[in-house]
Amino acid sequence: MSAPSTPESTDDPHLAPKPVRMLPRAQRPQGLYDLSLEELTAKLVEAGFPAFRAKQVWHWVYRQLAPDYDAMTNLPADLRAWLNANLPLATMPVIRDSATDDGETHKLLYQTGDGQFVETVLMLYPDRATVCVSCQIGCAVGCAFCATGLGGLTRNLSAGEMVQQTIDAARRAREVGRTLTNLVMMGMGEPLQNYGPSITFLKRLNDAEGFGFGARRMTVSTSGIVPRIDALADEPIQLNLAVSLHAPNDELRSSLVPINNRYPIAELMAACDRYIAKTGRRVSFEYALMRGINDSDEIATELAALLKGRLCHVNIIPLNPVDVLPYERPDPAGIERFAETLRNAGIPATVRYSRGLEIDAACGQLRAKHEREREGTLAEV
Ligand code: SAH
Ligand code: SF4
C-alpha cells in the first residue's frame, strides 16, 4: 500500500515515476468489479448470506449486464440493501457521454472515486463492436505523438475500473441493438506497465462463468516492454498482441517511442518471435504514419525488410494530430503509397483510420481534455 504522498509505481522497475496528484489506493472506493467470484462469495458469506447468492449476483452483473443492484429482481431485499450499502457496483460515474453524428462511435468520460478522468470508446462496425479500454491515467512512456503521455503517469487503473469500462460499453452496445464482440487495450496507458491488473481484468472477462469474452477477441497493445511480452506469451489465455512499432530503425524509433532506448528493435523483434513461436499467433504491428517523419518510400522498404518472414500484419494508422504537438498526417496518396510499398514487398498491411476524431475519441487523443478545460488551461495550449 503506498503512503499518501508517494507517487505510484508504474510497476516497471525501469521507469521512474513522475510526480503525481492522487489519493493512495486505500482511499479509492472498491467495488464489485474489483472482486473475483471467490472474493465476492467470501464477503457475502461473512455478511451472513448463503454462498449461492454470489453466483446469482455474478450472473446478473456479467451476463445480464445489470446497471444496478435494484435490477437484480430475484435477490432478497436485504441482500440488495447490503450490496447497495457495502459494495458499489460501479465506482466511476459517467460524467460525459458523447457520440459521433452517425452514432457509430461513443465515448464515455468517467470521473474516478479519487477525482481522476478516464475515457472509454465504443466503436460500432457493420460486423463487430469494439471497446477501446484505458488501463492508466496518463502514461509514463511518453511517445512523441501521443496526447496520453503528455503529462506523464498519474496512476494505474484497477482491474475493476477496467471491468467497469467494458461492461458499460457492452451495455451501451446492447442499448443500440448490438453485441460487444471485441476489446482492444488501446485507450489511455501502457497495459504492460500495469501488468497484473490488466491481466486480472482480461481473465475476469474471459471467465465462462461470467462474461465469457473470447481471448482471441481481446488485444493487448504495447509500446514494447520486452520482458512483459514474454510474460504474456506464458499466460494461460491466448490474447492477441499488437506492438506499436512506428519506425524500422532504432534512431527513429527512439525519437518517437522513448522506451526503445531500453528495449531496442532487435530485442523487441526477438520477443515478438518468441511470442509467435510459443502461441502460434500472428502479431500486429501498429504504425502511426506521420508526414515527413516515418512515411518515406525508403522507410517503407526498410520496414518491409525488418518484418520479412514474420507471421505478422501491419496496421497503418494515419496520425491523429494532437493540438499541442507538431506531427501531421500524410495526405491520402502518401498513405496509400506507403501501404502499397509494404504489400509489394509481401507484408500484409491495412490502413486503419481511427474513429471518433470529432469527439476527441481517436487513438492518442484520450487525454481527458475535460481536465484541462476544468483547470482553465485549455486556452493556453
Ligand atoms: N500504450 C499502448 C496502447 C495505447 S496507445 C501502445 O502504445 O501500444 C494505442 C495505439 O495508438 C498505439 O499504437 C499508439 O502508438 C497509437 N497512437 C498514439 N497516439 C496516436 C496518434 N496521435 N495518432 C495515431 N495513433 C496514435
Ligand atoms: Fe503511452 Fe501508448 Fe501513448 Fe506511447 S502511445 S505514450 S505507450 S499510451
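Keep in mind it's a predicted model, so treat the numbers as computed, not measured. (Residues numbered from 1 in each chain as written. Chains lettered and ligands numbered in written order. Predicted model: local features only at pLDDT ≥ 70, side-chain atom pairs only at ≥ 80, totals over all residues. Heavy atoms only, no water.)

A.B. asks: Run through the site of ligand 2, naming residues and quoting values.
C.D. replies: Every residue lining ligand 2 is accounted for by Cys 139, Val 141, Gly 142, Cys 143, Cys 146, Gly 149, Gly 189, Glu 190 and Ser 223. For the shell around ligand 2, the residue count by class is 4 nonpolar, 4 polar and 1 charged. (Near = heavy atom within 4 Å. Nonpolar A, V, L, I, M, F, W, Y, C, P; charged D, E, K, R; others polar.)

A.B. asks: Can you break down the site of ligand 1 residue by residue, with the values?
C.D. replies: Neighbouring ligand 1 are 20 residues, the closest being Gly 189, Ser 221, Ser 244, His 246 and Asn 320. A distance of 2.7 Å separates an oxygen atom of ligand 1 from a polar atom in the side chain of Ser 221. One nitrogen or oxygen atom from the side chain of Ser 244 is found 2.6 Å from an oxygen atom belonging to ligand 1. Coverage of ligand 1 by the protein amounts to 96% of the 520 Å² it exposes when considered alone. Put simply, the parts of the chain that give the shell around ligand 1 at least two residues each are β8 (218-222) and β10 (283-289). Classifying every residue of the shell around ligand 1 gives 9 nonpolar, 9 polar and 2 charged. (Polar contact = N/O pair within 3.5 Å; in protein donor to acceptor, adjacent residues only side chain to side chain. Areas by Shrake-Rupley, 256 points an atom, 1.4 Å probe, with all protein chains shown as cover. Helix = DSSP H or I, 4+ residues; strand = E, 2+ residues; numbered from the N terminus.)

A.B. asks: How would you summarise the pairing of strand β3 (residues 117-124) if you had to cite specific residues and measurements?
C.D. replies: Buried residues dominate β3, accounting for 8 of its 8 residues. By the alternation rule, side chains of β3 split into Phe 117, Glu 119, Val 121 and Met 123 and Val 118, Thr 120, Leu 122 and Leu 124, which are all buried. Here strand β2 (residues 105-111) runs beside β3; their pairing, made up of 7 bridges, is antiparallel. Directly across from Lys 107, in β3, lies its bridge partner Val 121. Taken together, the 4 bridges between β3 and strand β4 (residues 129-132) define a ladder with antiparallel strand orientation. Within β4, the position partnered with Met 123 by the bridge is Thr 130. (Buried < 20%, exposed > 50% of the residue type's maximum accessible area, 1.4 Å probe, protein only. Pairing = 2+ DSSP bridges.)

A.B. asks: Tell me what's going on with the sheet that holds β3, and back it up with residues and numbers.
C.D. replies: Reading across the sheet, the 10 strands line up as β1-β2-β3-β4-β7-β8-β9-β10-β11-β12 and stay open at both edges, with mixed pairing between neighbours. Either end of the sheet is taken by a strand with one partner, and the two such strands are β1 (94-99) and β12 (349-351). Strand-to-strand twist of the sheet, defined as the mean angle between neighbouring strand axes without regard to direction, takes the value 20°. Pairing of strand β11 (residues 312-318) with β12 involves 3 bridges; the strand directions are parallel. (Axes fitted to C-alpha atoms, helices over the stretch in contact; angles between N-to-C directions.)

A.B. asks: Describe in detail the side chain of Glu 235, supporting the description with residues and values.
C.D. replies: With respect to the secondary-structure elements, Glu 235 resides in the loop between α6 (226-233) and β9 (240-244). The buried category is assigned to Glu 235, whose relative accessible area is 15%. Within the structure, Glu 235 has its side chain in polar contact with the side chain of Lys 203 (distance 2.9 Å). Residues contacting Glu 235, with those up to four places away along its chain left out, are Tyr 195, Ile 199 and Lys 203. (Contact = heavy atoms within 4.5 Å.)

A.B. asks: Let's hear about the state of the cysteines: which residues, and what values?
C.D. replies: Going through the model one piece at a time under the given rule, you end up with 0 disulfides. Of the cysteine sulfurs around Cys 312, a residue in no disulfide, the closest is that of Cys 272, at 8.9 Å. For Cys 312, a relative accessible area of 4% gives the class buried. (Disulfide = S-S within 2.5 Å.)

A.B. asks: Hey, could you go over helix α8 (residues 265-279) for me, with residue numbers and the actual values?
C.D. replies: A rise of 1.5 Å per residue sets the reference length of α8, with its 15 residues, at 21 Å; its end C-alpha atoms lie 21 Å apart and thus fit the reference within 8%. Buried within α8 are the following residues: Ile 265, Leu 268, Met 269, Ala 271, Cys 272, Tyr 275, Ile 276 and Thr 279. Looking down the long axis of α8, one finds its buried residues gathered within 160° of arc, a one-sided arrangement. Exposed residues on α8 whose side chains face more than 90 degrees from its buried face are Ala 266, Ala 277 and Lys 278. Tucked into the core, α8 has its buried residues touching α6, β9, α7 (250-256), β10 and α9 (297-307). (Expected span 1.5 Å × (residues − 1). Arc of directions from axis to C-beta.)

A.B. asks: Mind laying out helix α10 (residues 332-344), listing which residues take part and the relevant values?
C.D. replies: Helix length check: α10, at 13 residues, gives a terminal C-alpha distance of 18 Å against a target of 18 Å (1.5 Å per residue), a fit within 8%. Within α10 the residues assigned to the buried category are Gly 334, Ile 335, Phe 338, Ala 339, Thr 341 and Leu 342. Along α10, the residues classed as buried sweep out an arc of 155° about the axis, all on the same side. Exposed residues on α10 whose side chains face more than 90 degrees from its buried face are Pro 332, Ala 333 and Asn 344. Where the residues of α10 are buried, they touch β10, α9, β11 and β12.

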